[in-house]
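# Descriptive analysis of the structure
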Amino acid sequence: ETGVTQTPRHLVMGMTNKKSLKCEQHLGHNAMYWYKQSAKKPLELMFVYSLEERVENNSVPSRFSPECPNSSHLFLHLHTLQPEDSALYLCASSQDYHSSNQPQHFGDGTRLSIL
Amino acid sequence: AQKVTQAQTEISVVEKEDVTLDCVYETRDTTYYLFWYKQPPSGELVFLIRRNSFDEQNEISGRYSWNFQKSTSSFNFTITASQVVDSAVYFCALSEAVGNQGGKLIFGQGTELSVKP
């Protein structure tokens, strides 16, 4: 139990569907992250939120839309995805985005498959 | 530029063997932090250790030990008497203490360790 919960664990969707991934952290952290992990590739940082404000957006296609309504919850809204978007999507949190000595705590991930 | 290299893509050992996972990093900063994470088949990344750039003392935690050498920019991870439950992908990561992006982690490509009974 890492204190970071992601739902759903698995998601299969068509390219025209709209779905959302949810992440919730129970650690009292101020920063939350979305990562994409494709097979045989390193983790790719997608978005970072610090105190509910987006602080980083790493050239992610607009078909991925993050939302952070409060410091405990983070969403990733998906629409008109492509087959290459199939991957494991990991959420993480840390105490403070600007404290580089703080480890990030990860959820179990959502394994997304695009048909 | 920041970079983390884990040259070993896959390692396979037999139970009870010792195994070392290599990690080499590049940074221009004098203050930085290094991390190791374990990713079992279930998917979540589990934090194992953090080391700051000013502390080169090696650390041991049970069967795990870490060797940090600034002279060679390496932060290697050794598992002694490996067990099947150690089978996972292991990631080395770097974060720098400068600017406003202090919390950003740079990950290596990962090393997939398979421990066979």
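Everything discussed here concerns the structure shown above.
Below is a summary of the structure that appears in this document. Since we're looking at a predicted model, the values are computed, not measured.

Basis of the calculations
- Residues numbered from 1 in each chain as written.
- Chains lettered and ligands numbered in written order.
- Predicted model: local features only at pLDDT ≥ 70, side-chain atom pairs only at ≥ 80, totals over all residues.
- Heavy atoms only, no water.
- Helix = DSSP H or I, 4+ residues; strand = E, 2+ residues; numbered from the N terminus.
- Rg over C-alpha atoms; globule rule 2.2 N^0.38 Å.
- Buried < 20%, exposed > 50% of the residue type's maximum accessible area, 1.4 Å probe, protein only.
- Contact = heavy atoms within 4.5 Å.
- Areas by Shrake-Rupley, 256 points an atom, 1.4 Å probe, with all protein chains shown as cover.
- Lys, Arg positive; Asp, Glu negative; His and termini not counted.
- Charge placed at Lys NZ, Arg CZ, Asp CG, Glu CD.
- Core = buried A, V, L, I, M, F, W, Y, C linked by side-chain atoms within 4.5 Å.
- Salt bridge = Lys/Arg side-chain N within 4 Å of Asp/Glu carboxyl O.
- Pairing = 2+ DSSP bridges.
- Axes fitted to C-alpha atoms, helices over the stretch in contact; angles between N-to-C directions.

For chain B, the count of helices and strands is zero helices and twelve strands. The helix and strand sequence of chain B, counted from the amino end, reads β-β-β-β-β-β-β-β-β-β-β-β. Expected size for 117 residues packed as a compact globule is a radius of gyration near 13 Å; at 14 Å, chain B falls within 12% of this value. Taken along its principal axes, the extent of the C-alpha atoms in chain B is 45 × 30 × 20 Å. Put simply, chain B has 117 residues, and 45% of those count as buried. A sequence separation of at least 24 residues applies to 57% of the contacts in chain B between residues at least 6 apart. Total accessible area on chain B stands at roughly 5,700 Å², and carbon and sulfur atoms take up 47% of it. Distance from the positive charge centre (10 side chains) to the negative charge centre (14 side chains) of chain B: 3 Å.

Right, let's talk about the environment of Trp36(B) for a bit. Residue and element names in this part refer to chain B. Residue position: Trp 36 is located in strand β5 (residues 32-39). In this structure Trp 36 comes out as buried when scored by relative accessible area, which is 0%. When the C-alpha atoms of Trp 36 and Gln 69 are compared, they prove to be 15 Å apart, with 33 residues separating the residues in sequence.

As a further point, take unusual backbone geometry. Cis geometry is found at the peptide bond from Thr7(A) to Pro8(A), where omega equals -10 degrees. Turning to its location among the elements, Pro8(A) is positioned in the loop between β1 (4-7) and β2 (10-13). Positive phi outside glycine occurs at Glu52(A), with the angle close to 70 degrees. Notably, Ser73(B) is not glycine yet its phi reads approximately 50 degrees, a positive angle. In this fold, Ser73(B) is placed in the loop between β8 (64-69) and β9 (74-79).

Among the nonpolar cores identified, the biggest contains 24 residues, and Trp36(B), Phe77(B), Tyr90(B) and Leu113(B) are the most heavily contacted of them. The set of elements that each furnish at least two residues to this core consists of β2 (10-14), β3 (19-21), β5, β8, β9, β10 (88-96) and β12 (111-116) of chain B.

Residues and elements named next belong to chain B. All told, the structure shown has five salt bridges over all chains when counted by the stated rule. A salt bridge links Arg 51 to Asp 55; its shortest N-O distance comes to 3.2 Å. For Asp 55, a relative accessible area of 26% translates into the label partly exposed. One salt bridge in this structure joins Glu 59 and Arg 51, with 3.1 Å as the shortest N-O distance.

All names here are of chain A. As summarised here, the arrangement of the four strands in space is β1-β3-β8-β7, forming an open sheet in which the pairing is antiparallel. With one partner strand each, in any of the chains shown, β1 and β7 (64-70) form the two edges of the open sheet. Going across the sheet, the axis of each strand differs from the next one's by a mean of 20 degrees, ignoring polarity. Pairing of β7 with strand β8 (residues 73-79) involves five bridges; the strand directions are antiparallel. Across the sheet, the residue bridging to Glu 67 is Phe 75, located in β8.

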